[in-house]
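A look at the structure
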Number of protein chains: 2
Amino acid sequence: MVSKTKEDAELTRNRIIAAARAVFLARGVSKSTLEHIAAEANVTRGAVYWHFENKTDIFHAMREQVFLPLIDQMDDRLGLTIDNTENPLTQIENSLCHTISELNENIEMREIYEIMMIKCEYVGEFAMVLDQILNNCSSLIEKIEIAYQRAQTQNLLASMLSPHALALDTHLFFGGLLHMWIKDADGSKFRHQAFDLIKTHINLRRK
Amino acid sequence: MVSKTKEDAELTRNRIIAAARAVFLARGVSKSTLEHIAAEANVTRGAVYWHFENKTDIFHAMREQVFLPLIDQMDDRLGLTIDNTENPLTQIENSLCHTISELNENIEMREIYEIMMIKCEYVGEFAMVLDQILNNCSSLIEKIEIAYQRAQTQNLLASMLSPHALALDTHLFFGGLLHMWIKDADGSKFRHQAFDLIKTHINLRRK
DNA sequence: TAATATACATACAAGCATGTATGTAAGCAA
DNA sequence: TTGCTTACATACATGCTTGTATGTATATTA
């Protein structure tokens, strides 16, 4: 049965990534074995080693599947790509809410977030992932700041605080929310009111 | 040289915990071996197994050393224990700032935070630690809420938002800040301005 | 259609990590 | 001082994991 065309191989590769996601989620990245992943994908370690160098390689592939598209989406929702007339504060609010919606609906994305937040040890090779995350944060903060800048220009802000300070506060709030959202697995503490929390956060800024 | 009195044994136990902290930090909890820990503590695995059941047991012991005292401190700083006349918003601000100071000065606490945030996979036996963390969050939110309640009573708040909503927002902000503080190892992005971020966050609430 | 590359499966060797079992010297209580 | 317990060290058996080497059937290309 070892007869695979290129498309079949691509499918196998994706199956391995999906399997890795399930295994990482269940056992944590460190305690996940290539044998576990192979079994979950109904292949042998031979197939895994054909497509990937090692576990780290699979991890990065899994991560890129979701995080690369995510960056661009954020631009659009913050109204940075097209001229727009909408309330910038509402745009920030919608952007944050949309990300939460994504987590609700996109199982793949939710699981990868969970893996990266509480099923992964950022040590050795994985340490550089933290740097990437920090960089993504910086660019996200800048984007939020631009939106707050527009809000300030339109005289929509309740306080005298700088757009930069507001953007940092919003970013930290949202980072905290994401962490709690993930950790609150049964949804009783944070998930059920995530949208309200975001609204409150933004309302605090509205004039 | 195997002659240890009870006090010596207690010292050995603490040395093992301290060694575990160093090893966890360097290699991550999962990839840390009892042999690594024993070597770091200048004992053998025999000593480790005498004092602890397994790695998980060491982890919990390490965690309790820092987190149990932490809870009580928070009460005091939020002014919940004694009658006081100070501005509640300032008390919240000071409480958060004090925690950051602790992270700056208390290496042990900082390292344990780092281990728990980015060097540990919350899976299997460790999953229940997440529940404990969530519970600690709930009680912390309640304490902050009481402080905001006092602020509202004293007509110090800039917005009409409920003390509960404000407390949640503050809690999420601070959770995000702690995460970023830890991840920002070189301090260039968040650590250097942590106090300012807290001040900004509270100023947003001051009338 | 012959040669080569692809896409795996299987087999093997080596190193760890764990838990436990056993050894042992010193402390401690009667 | 005798006997038991403490506080470890040492040794052993077992079970993973990993990486690589090898086998093999099919696809692809010249």
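For every chain, the first residue of the written sequence is number 1, and numbering continues from 1 onward in sequence order. In the order they appear in the text, chains get letters beginning with A and ligands get numbers beginning with 1. Only residues with pLDDT of 70 or above have their local features reported here, since the model is predicted, and side-chain atom pairs are shown and tallied only from 80 upward, although totals for entire chains, interfaces and linings are computed over all residues. Each side-chain value is derived from all of the structure's non-hydrogen atoms; neither hydrogens nor water enter the calculation.

1. Some remarks on helix α9 (residues 194–203) of chain A
We count it as follows: Buried residues are those whose accessible area, probed at 1.4 Å on protein chains only, stays under 20% of the maximum for their type, while exposed residues exceed 50% and partly exposed ones sit between those limits. We count a stretch as a helix when DSSP gives it H or I for four or more residues in a row; a strand needs E for two or more, and each element gets its number in order from the N terminus. Whether two residues are in contact is decided by their heavy atoms: any pair within 4.5 Å suffices.
Residues of α9 of chain A that are buried: Ala194, Leu197, Ile198, Thr200, His201 and Ile202 of chain A. Summarising the contacts, the buried residues of α9 of chain A are in contact with α5 (88–105), α7 (127–153) and α8 (163–183) of chain A together with α8 (163–183) of chain B.

2. Some words on the packing of helix α7 (residues 127–153) of chain B against α8 of chain B
Helix-helix packing: each pair is described by the crossing angle between the helix axes and the interaxial distance. Residue and element names in this part refer to chain B. Rule in force here: Axis lines are fitted through C-alpha atoms, for helices just across the contact stretch, and the angle between N-to-C directions can take any value from 0 to 180 degrees. We call two directions roughly parallel when the angle between them is under 35 degrees, roughly antiparallel when it is over 145, roughly perpendicular when it lies between 65 and 115, and oblique otherwise. Working rule for handedness: look at the near helix, and if it is turned counterclockwise from the far one by less than a right angle, call the crossing left-handed; if clockwise, right-handed. For this classification, the nonpolar set comprises Ala, Val, Leu, Ile, Met, Phe, Trp, Tyr, Cys and Pro, the charged set comprises Asp, Glu, Lys and Arg, and every other residue, Gly included, is treated as polar.
As a packed pair, α7 and α8 sit with axes 8 Å apart at the nearest point and diverge in direction by 130°. Viewed along their axes, α7 and α8 adopt a mutual orientation that is oblique. As for the relative orientation of α7 and α8, their crossing is right-handed in sense. Contacts between α7 and α8 involve Cys137, Leu140, Ile141, Ile144, Glu145, Tyr148, Gln149 and Gln152 from the former and Pro163, His164, Leu166, Ala167, Leu168, Thr170 and His171 from the latter. Residues that form the contact of α7 with α8 fall into these classes: nine nonpolar, five polar and one charged.

3. A short note on the packing of aromatic side chains
How we decide: Classification of ring pairs rests on two measures: the distance between centres of Phe, Tyr or Trp rings, Trp counted by its six-membered ring, which must be within 6.5 Å, and the angle between planes, read as stacked under 30 degrees, edge-to-face over 60 and tilted in between. By the criterion adopted, a ring carries a charge over it if an Arg CZ or a Lys NZ lies within 6 Å of its centre and within 35 degrees of its normal.
Under the counting rule described, the total for this entry stands at five aromatic pairs over all chains. With a centroid separation of 4.8 Å and an interplanar angle of 80°, the aromatic rings of phenylalanine 59 of chain B and phenylalanine 126 of chain B are classed as edge-to-face. Taken together, the residues phenylalanine 59 of chain B in helix α4 (residues 55–77) and phenylalanine 126 of chain B in the loop between α6 (107–118) and α7 connect sequence positions 67 residues apart. One aromatic cluster is present, built from ring pairs that chain together Phe24, Phe59 and Phe126 of chain A. Taking the ring centre of phenylalanine 67 of chain A as reference, the NZ or CZ of arginine 63 of chain A above it sits at 5.1 Å. The ring centre of tryptophan 181 of chain A lies 3.9 Å from the NZ or CZ of arginine 191 of chain A, which sits over that ring.

4. Topic: the interface of chain A and chain B
Definition in use: Buried area: the accessible area, evaluated with a 1.4 Å probe, that two parts lose upon being put together, summed over both parts. Any pair of N or O atoms that falls within 3.5 Å is considered a polar contact. Within protein, one atom must be able to donate a hydrogen and the other to accept it, and sequence-neighbouring residues count only if both atoms are side-chain atoms.
With 44 residues of chain A in contact, the opposing surface of chain B contributes 44 residues. Together, the buried faces of chain A and chain B total about 3,800 Å²; carbon and sulfur atoms form 71% of this surface. On the chain A side of the contact with chain B, Glu121, Leu172 and Leu204 of chain A bury the most area, a combined 19% of that side's loss. Scanning the region where chain A abuts chain B turns up eight residue pairs in polar contact (both at pLDDT 80 or more). In terms of residue count, α8 of chain A provides more of the side of chain A that touches chain B than any other element does, 13 residues in total. Counted by class, the side of chain A that touches chain B contains 23 nonpolar, twelve polar and nine charged residues.

5. A look at the pattern of salt bridges
All names here are of chain B. For clarity, the cut-off: Basic side-chain nitrogens of Lys or Arg form a salt bridge, by our definition, when they fall within 4 Å of a carboxyl oxygen of Asp or Glu.
Enumeration according to the criterion identifies eight salt bridges over all chains in this entry. One salt bridge in this structure joins arginine 206 and glutamate 93, with 2.9 Å as the shortest N-O distance. Taken together, the residues arginine 206 in the segment after α9 (194–203) and glutamate 93 in helix α5 (residues 88–105) connect sequence positions 113 residues apart. Glutamate 93 sits in the buried class, given a relative accessible area of 9%. Here lysine 119 and glutamate 114 are joined by a salt bridge, their closest N and O atoms 3.9 Å apart.

6. Quick look at the domain arrangement of chain A
Residue and element names in this part refer to chain A. This is how the line gets drawn: Start and end positions for the domains come from either an automated domain assignment or a database one.
Along its sequence, chain A is carved into domain 1 (1–52) and domain 2 (59–203). Of note, the centres of domain 1 and domain 2, computed from C-alpha atoms alone, are 31 Å apart. Contacts between domain 1 and domain 2 engage ten residues on the former and 13 residues on the latter. Contact with domain 2 buries surface across domain 1, with Arg21, Leu25 and Val29 losing the most and accounting together for 59% of the total. Here domain 1 and domain 2 share one salt bridge between them. Here glutamate 111 ties to arginine 21 by a salt bridge, and the two come within 2.9 Å at their closest N and O atoms. Counting the contacts that link domain 1 with domain 2 gives three residue pairs in polar contact (both at pLDDT 80 or more).

7. Focus: the environment of leucine 166 of chain B
Here leucine 166 of chain B is to be found in helix α8. For leucine 166 of chain B, a relative accessible area of 1% corresponds to the buried category. Residues leucine 166 of chain B and threonine 99 of chain B lie 67 residues apart in sequence; the distance between their C-alpha atoms is 19 Å. Not counting residues up to four positions away in its chain, the partners in contact with leucine 166 of chain B are Leu204 of chain A together with Tyr148, Leu157, Ser159, Leu161 and Arg205 of chain B.

8. Comments concerning helix α6 (residues 107–118) of chain A
Residues and elements named next belong to chain A. Spelled out, the test is: A helix's residues, less one, multiplied by 1.5 Å, set its expected span.
With twelve residues, α6 ought to run about 16 Å at 1.5 Å a step, and its terminal C-alpha atoms sit 16 Å apart, in line with that. Within the sequence span of α6, burial applies to Met109, Glu111, Ile112, Tyr113, Glu114, Ile115, Met116, Met117 and Ile118. If you check the start of α6, you find a side-chain oxygen 3.2 Å away from the backbone N of glutamate 108, and it comes from asparagine 106.

9. Quick word on the relation of the copies chain A and chain B
Note the threshold: Superposing the copies works by least squares over the C-alpha atoms of residues that have pLDDT at least 70 in both of them.
With an RMSD of 0.0 Å, the operation that places chain A on chain B is a rotation of 180° combined with a shift of 0.0 Å along the axis. Put plainly, the chains are arranged around a two-fold axis. By residue overlap, the copies meet face to face through one surface: 100% of the interface positions of chain A are interface positions in chain B.

10. So, the packing of α5 of chain B against α9 of chain B
All names here are of chain B. Following both chains from N to C, one finds α5 and α9 inclined at 160°, their axes separated by 10 Å at the closest point. For the element pair α5 / α9, the angle class is roughly antiparallel. Remark: the crossing between α5 and α9 carries right-handed chirality. Across from Leu89, Ile92, Glu93, Leu96, Cys97, Ile100 and Ser101 in α5, the residues of α9 making contact are Ala194, Phe195, Ile198, Lys199 and Ile202. Per-class residue counts for the contact of α5 with α9 are nine nonpolar, one polar and two charged.

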